[in-house]
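One letter stands for each residue in the lines below.
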Amino acid sequence: MASWNVNSIRARAEHVKTWLEAKKPDVLLLQELKGTEFPSAWFKEQGYDSVSVTQKSYNGVAILSRSPIEVVSTTLLGDEADSHARFLEVVIANIRVVNIYLPNGNPVGTAKFDYKLSWMDRLRQQMKLWLKSDVPTVIGGDFNVIPEDIDCHKPASWIHDALFQPEPRARYREMLELGYVDGFRSLHPGMGGQFTFWDYFRQAFEQNRGIRIDHFLLTPSLVKRLECCEIDKGPRALEKPSDHTPIVLRLK
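On a predicted model such as this, the values are computed, not experimentally measured, just so you know.

### Some words on helix α3 (residues 111-131)
Since there are 3.6 residues in each turn of an α-helix, residues three or four apart along the chain are aligned in direction.
Step number 1: Between its first and last C-alpha atoms α3 spans 30 Å; for 21 residues at 1.5 Å apiece the expected length is 30 Å, and the two agree.
Step number 2: When we look at burial in α3, the residues that qualify are Phe113, Tyr115, Lys116, Leu117, Trp119, Met120, Arg122, Leu123, Arg124, Gln126, Met127 and Trp130.
Step number 3: In this structure, the buried residues of α3 make contact with β6 (87-92), β7 (95-101), β8 (137-142), α4 (166-177) and β12 (214-218).

Now the structure itself:
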């Protein structure tokens, strides 16, 4: 299973198709589609069923799968007025798979930051409910949270950014305190320099000045099946890439 913020599916469709052909994941979570049209027919030709939640010019999430997809919900509970396409919950092969594109929240001190925090609060409430279910759950996507100092090249460069503020970081820790496990960090404790996003400017990727903000969180019942969780930097080195790169999770 993989997760990838593609920063426009229209601009990155060929990259995604090439990556699917090479890596052949069973499930792929995509974020930041940036458009109402999703090329499901393209991916069907590659053997993937797909479900998407789209929005004109902004946001958008999709899930591709080699196995049948049972859609559970396309909206996060707690705010009926929230029209952002940021959430998709499905069941695939008896596993609840949740794809999220958590709000960025910048600039700090504005309604956008308040929305980020409230969205995280709503997600945490939903996560509590999932824990009460017998269905094992994995939540993947762009969390727009730098969990720890080790998850960025230079903390001082992010000190004023919404992704690094104490409030969202505390909420991320609370998700772990519920019993969820950060798939990558659990297998790579203390390992620095491992990032999923690099800015387009000042040779950030070439000099590995990045941040780790794309995550997989697993319920305890899935942790024992966790085999590996790795970051594939290859797509970020392509011409006209997304500023994110895929994170890949493998379950036994």
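### A closer look at the pattern of salt bridges
Step number 1: As enumerated under the stated definition, the model contains 14 salt bridges in all.
Step number 2: One salt bridge connects Asp49 with Lys44, and the closest N-O pair in it is separated by 2.4 Å.
Step number 3: Put simply, Glu89 and Arg96 hold a salt bridge, and the shortest N to O gap is 2.9 Å. For the pair formed by Glu89 and Arg96, the shared burial category is buried.
Step number 4: Several salt bridges share partner residues, and in doing so they unite Asp121, Arg124, Arg171 and Glu174 into one network.

### Details of the nonpolar core
Step number 1: Counting 24 residues, the largest nonpolar core has Met1, Ile63, Val97, Val138, Phe216 and Leu249 as the members making the most contacts within it.
Step number 2: For this core, the secondary structure elements donating two or more residues are β2 (27-31), β3 (49-53), β4 (61-65), β6, β7, β12, β13 (226-231) and β14 (247-251).
Step number 3: In this structure, Tyr115, Leu123, Trp130 and Phe143 belong to the second largest nonpolar core, which totals 18 residues.

What counts and how
- Residues numbered from 1 in each chain as written.
- Predicted model: local features only at pLDDT ≥ 70, side-chain atom pairs only at ≥ 80, totals over all residues.
- Heavy atoms only, no water.
- Helix = DSSP H or I, 4+ residues; strand = E, 2+ residues; numbered from the N terminus.
- Expected span 1.5 Å × (residues − 1).
- Buried < 20%, exposed > 50% of the residue type's maximum accessible area, 1.4 Å probe, protein only.
- Contact = heavy atoms within 4.5 Å.
- Salt bridge = Lys/Arg side-chain N within 4 Å of Asp/Glu carboxyl O.
- Core = buried A, V, L, I, M, F, W, Y, C linked by side-chain atoms within 4.5 Å.

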